[in-house]
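# Report on the structure
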Amino acid sequence: MIISIVASYVFQIVEDKNGILTFLGMIVILVIIFALIMLRYVEKGQAGSYRYYIDEYEKDLLLKKINKLENELKISDADERILETKQVAINELIRIREKKRGKNEKKKIEADIRQVNELDLCLSDYRNYCVREIYINETKCCIVYKKEQGKENNYIGERNLANEQYALLYNILKKNDIIRSTQEKVDNDKYSEEVGEKAYQQGKEIGKEIGQQQANIAAIKNMLEFNIPKGSILKKYTESEYNTAIAELQSEAK
């Protein structure tokens, strides 16, 4: 119907010999055509073509950015283990700091904590590296060595680590005496068991004379002097006996 009206109007203009009216008529026709074109964008919920296309373009760009970020945020299993190791190291250093009394000692540990926190340990590709198990105190963690060069030292110690970041991490852990290789952990556990058993037997002998509870406390004090871990001690004795032994040792040290 609209097209018929426009066609009729165009025919009248053509028939008209007045040039000015013809010109004005053509302008009216162009306006009508433009309005008809705009109607399809109104149906899409937009009153103008530019805005519609710009919005669609911006949405497309946003989706591409989201997809890119999703890919960047994906981390490998090795990266996850490394990040856990870093957090364990920080937690252990914080624990050590809490035990320090001197201001200078605390500052040194704080500097180590800051350094570990700033380390960038994740690697983009682990094919040329070897991830090895270590222990930070009693917690199982990992550290990364160069695959080929690391064979020289059997992926143990501070040589042939993946990069300077790992070398710095290792040195901080070693300086604070909280890193053990798997073999060192096994050897230490074996030693702790042997010494613990010896201290236990000594405590039993003492118990014949001074009573079982005092014997247990004496045995625990013996074990503490040999730096037996708390977990190993509590396998044989109660938490109460352990705390009493700690209190007596602290009292004797004054």
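For the structure given in this document, a descriptive report is provided here.

What counts, and at which threshold
Residues numbered from 1 in each chain as written. Predicted model: local features only at pLDDT ≥ 70, side-chain atom pairs only at ≥ 80, totals over all residues. Heavy atoms only, no water. Axes fitted to C-alpha atoms, helices over the stretch in contact; angles between N-to-C directions. Helix = DSSP H or I, 4+ residues; strand = E, 2+ residues; numbered from the N terminus. Left-handed = near helix turned anticlockwise from the far one by under 90°. Contact = heavy atoms within 4.5 Å. Nonpolar A, V, L, I, M, F, W, Y, C, P; charged D, E, K, R; others polar. Pairing = 2+ DSSP bridges. Expected span 1.5 Å × (residues − 1). Buried < 20%, exposed > 50% of the residue type's maximum accessible area, 1.4 Å probe, protein only.

Here we come to the packing of helix α8 (residues 212-225) against helix α10 (residues 239-253). Between α8 and α10, the least distance of the axes is 9 Å, while the angle of their chain directions is 65°. Handedness of the crossing formed by α8 with α10: right-handed. Here α8 contributes Q213, Q214, N216, I217, I220, K221, L224 and E225 to the contact with α10, which in turn contributes E241, Y242, T244, A245, I246, E248, L249 and E252. The class makeup of the residues in the contact of α8 with α10 is 7 nonpolar, 4 polar and 5 charged.

Here D112 is to be found in helix α5 (residues 103-118). In this structure, D112 is in contact with L93, I172, K175 and N176, ignoring residues within four places of it in sequence.

It is worth spelling out the pairing of strand β1 (residues 129-136) at this point. Where β1 meets strand β2 (residues 139-146), 8 bridges bridge the pair, whose relative direction is antiparallel. Note that in β2 the partner of C130 across the bridge is Y145. Here β1 folds back onto β2 in antiparallel fashion, the turn holding 2 residues, of which N137 has a positive phi close to 55°.

The terminal C-alpha atoms of α8 lie 20 Å apart, and with 14 residues this matches the ideal 20 Å at 1.5 Å per residue to within 8%. Taken together, the buried positions of α8 are occupied by A215, N216, I217, A219, I220, K221, N222, M223 and L224. Following α8 by one or two positions, N227 has its phi on the positive side, about 60°.

On to α5, then. An ideal rise of 1.5 Å per residue puts 22 Å on 16 residues; α5 measures up with 23 Å between its terminal C-alpha atoms. Along its buried surface, α5 packs onto α4 (77-99) and α6 (164-175).

Right, let's get into unusual backbone geometry. A positive phi angle, near 55°, is found at Y155, a position not held by glycine. As for its placement among the helices and strands, Y155 is situated in the loop between β2 and α6. Judged by its relative accessible area of 13%, Y155 falls in the buried class. One non-glycine residue with positive phi stands out, namely N227, at about 60°. Examined against the element boundaries, N227 turns out to sit in the loop between α8 and α9 (230-233).

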